[in-house]
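Results of the structural survey
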Amino acid sequence: MGMGAFGFRRLHSNRERKRLMGVRVRFAPSPTGHVHIGNIRAALFNWLFARHEGGQFLLRVEDTDRERSTPEAIATLLDVMQWLGLAYDEEPLFQTSQEPSHCRAAARLLEENRAYRSAKDGEGEAIVFRIPWEAEQVPGVEVCGSAELAVHPDEPVEVRAEGLGYAGVSKKGKAVTGGVSCLAGFRDLEVSDGGGRCLLVLADVLDRVFAGDSLRVPGAVCLRFTRRAIAFTDLVKGRLSKPLDSMRDFVIVRSDGHPVFHLGNVCDDVTQGITHIIRGDDHVENTYRHLFLFHALGAEPPRYAHLPMIVNAAGKPYSKRDGDAFVGDFRDKGYLPEALFNYLALLGWNPGDAREKMDRAELVRAFALDRVQQSPARMDPRKLLNLNGQYMAEMDPGAFRAGARAVAASAPWGDRIDEALFGRVAALMQTRTKVYTDALGWGYFFVDTPEYDPKAVRSLLCRTGVAGALSALLESLCRVDFADVGALEQAVQAAAGAAGLEPGSLNQPLRAAVTGCTVGAGVFETLAVLGRKRTLARIPHALRLAGLVPATGEG
RNA sequence: GUCCCCAUCGUCUAGUGGCCUAGGACAACGGGUUCUCAUCCCGUAAACAGGGGUUCGACUCCCCUUGGGGAUGCCA
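From a predicted model like this one, the values you see are computed outputs, not experimental measurements.

So, the environment of Ala513
Here Ala513 is to be found in helix H17 (residues 507-515). Residue Ala513 is classed as buried on the basis of its relative accessible area of 0%. Beyond its immediate sequence surroundings of up to four residues, Ala513 is in contact with Tyr452, Leu461, Leu470, Arg538 and Ala542.

Set out below in structure tokens:
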């Protein structure tokens, strides 16, 4: 509350802090294939969270896998995001452009002795990040108490700066060689043999070991140490932790000089000022490591929210190789982005009430990470189809027509579409359409002779009295106004009545005769759209097909 | 092997110790409305993985088992 410069500075820094604390999230796909449903769902949750919080949603293209990253994959990624309405703020950051900065960070870590060079398998020297021995300085690291680990005496315990190597004991008493565990996992370590004699006290040799010495301790059966763990509170899973003795130092720069994912990812999160990381829970293991990296880089780690995976019909998580889960395929199959968006939002999240059909604004308003599910979800194509049908039924007729028209263009009859007629058909079919590709079945409106379903022809047209009634109907239809649905209905009912048929019982046979199939919009509306010419031509054609009147030259 | 995570109808889910005789949605099935289909309406079937605790009381808390997934890469 002071005055003058001090007060002003305070105000300024508060504003500055507020700017820095505004929510900034990112979607960080690697463009190595088609974006699948699981990825895009993560993007969507990031987007919803950012919009709900009034924050920023950033895009980062993690294209450091130069072998497999392609410009095409980047293009489809952007395309699909735009289609789904996942607009990002600021310019996308391409990770490869950050490589110099990643390398500088690695150099600094090396200088500060937080990382070291290591040659392995004759691959040259990579830079490896060390889980710090002084781990307690890292927020989230806690002491769990003393721990004991049985080791197999046949294999020596190896102590090196890179970590502790030892063989565990399997249930059957065999030696199981694990990898090397980071030294930081074994505070106060004492190695002892079967007689309980202490073979080694780590503290006594620590300086030597970090200086490069490596020790082999044969005949050990027990490791006694103080266990430490790294913990964090996940916004969806709650408190998560992992003991350090189950971790190992990890490579941050390959021997070819290129930084690896862990370094790049963390550096970019720092430079982009990311406040919340929302990603698939296949990343929780990475988080434990990244927490150490953030600290070593002198940065505050972001909050984390790990989303459960979306699994396929077989119950397996979607992978980049699962072609069938490519988001773009849903567009091609005739789904509406709004519907897919809505459906995906409900996969692993719910608003806490019975609402399901929710538009974007509603989802943004309702979205909260604490209502995200902890268990994996399986995609249900039938529910998506149902939801899509709801959206289609309610959408703007002009938009529906345009969408259906685009799909119809790829039909065999797509090059013979009368636009005015198409408009009438679309209006007629909209409420009963589930996906745009349903329009592929509208061909009978646009071709001279539709394809007839033989079963329908047989079962409907061969009924007693039907052939006669249809022939009689042919006469009266010559005089009916086809624009008058009521008049059409009257004519059909009259023909049925005259033939001694139940009212309405001529409807399905008539439908089969003029459309070739058994389902569709109301038969009189269909007739009206079809028009007199095609109706009059098709009825006798169908009767001939059914063998009810003699063929007259044409097949 | 080790470590981490997860577990309610076929599927998505509600449920935060008594309101649960476990609710909803999609799908399924039956019925009604309608000329068919879709819509709409009514109804039926369908789940707390198993075992131990804790508690007066457990779907809810703890432990174990089982099952699933992830990590354990100089992939991201």
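From this point on, the discussion continues.
Comments concerning the sheet that holds strand S5 (residues 125-129)
On the basis of which strands lie adjacent, the open sheet formed by 3 strands has the order S4-S5-S15 and antiparallel pairing. Looking at strand neighbours, the two that pair on one side only are strand S4 (115-119) and strand S15 (250-253), the edges of this open sheet. Pairs of neighbouring strands in the sheet enclose a mean axial angle of 50 degrees, with direction left out of account. Strand direction decides the pairing type here: S5 and S15, joined by 3 bridges, are antiparallel. Its bridge partner lying in S15, Val128 is registered against Val251.

Observations concerning the pattern of salt bridges
Under the definition given, this model contains 30 salt bridges. Notably, a salt bridge pairs Asp269 with Arg60, separated by 2.9 Å at the nearest N-O pair. Taken as a pair, Asp269 in helix H6 (residues 261-271) and Arg60 in strand S2 (residues 56-61) lie far apart in primary sequence, 209 residues in all. Look at the salt bridges and you will find they share partners, linking Arg26, Arg60, Glu62, Asp268 and Asp269 into a network.

Here we look at the sheet that holds strand S8 (residues 163-169)
With antiparallel pairing, 4 strands are arranged side by side in an open sheet as S9-S8-S7-S12. Because the sheet does not close on itself, it has two edges, and the strands there are strand S9 (175-181) and strand S12 (215-217). Taken over all neighbouring pairs, the strand axes of this sheet differ in orientation by 20 degrees on average, direction set aside. The sheet contact formed by S8 and S9 spans 5 bridges and is antiparallel. Note that in S9 the partner of Gly168 across the bridge is Val176.

Notes on the packing of helix H16 (residues 485-498) against helix H18 (residues 523-530)
In the contact formed by H16 and H18, the axes pass within 9 Å of each other and the chain directions differ by 115 degrees. The pairing of H16 with H18 is recorded here as roughly perpendicular in orientation. Taken as a pair, H16 and H18 cross one another with a handedness that is right-handed. On H18, the residues that touch Val485, Leu488, Glu489 and Val492 of H16 are Phe524, Glu525, Leu527 and Ala528. For the contact of H16 with H18, the per-class residue count stands at 6 nonpolar, no polar and 2 charged.

How each quantity is defined
- Counting from 1, residues in each chain are numbered in the order their sequence is written.
- As they are written, the chains are lettered A onward and the ligands numbered 1 onward, keeping that order.
- A pLDDT threshold of at least 70 governs which residues receive local features in this predicted model, and a stricter bar of 80 or more applies before side-chain atom pairs are shown or counted, although totals over entire chains, interfaces and linings include all residues.
- Hydrogens and water molecules were not included; the side-chain quantities draw on all heavy atoms of the structure.
- The way it works is that DSSP assigns letters per residue, a run of H or I at least four long becomes a helix, a run of E at least two long becomes a strand, and they are numbered from the N terminus.
- Categorising residues by exposure relies on relative accessible area from a 1.4 Å probe, with only protein chains included: less than 20% of the type maximum marks a residue as buried, more than 50% marks it as exposed, and the intermediate range marks it as partly exposed.
- Contacts were defined at the residue level, with two residues in contact if any of their heavy atoms lie within 4.5 Å.
- Two strands are counted as paired when DSSP detects at least two bridges linking them.
- Working convention: axes come from line fits to C-alpha atoms, limited for helices to the stretch in contact. Angles between N-to-C directions cover 0 to 180 degrees.
- One speaks of a salt bridge when a side-chain nitrogen belonging to Lys or Arg is within 4 Å of a carboxyl oxygen belonging to Asp or Glu.
- Oblique is the label for any angle not covered by the other classes, which are roughly parallel (under 35 degrees), roughly antiparallel (over 145) and roughly perpendicular (65 to 115).
- Crossings are sorted by hand: turned counterclockwise from the far helix by less than a right angle, the near helix makes the crossing left-handed, and turned clockwise it makes it right-handed.
- Charged means Asp, Glu, Lys or Arg here, nonpolar means Ala, Val, Leu, Ile, Met, Phe, Trp, Tyr, Cys or Pro, and polar covers whatever is left, Gly included.

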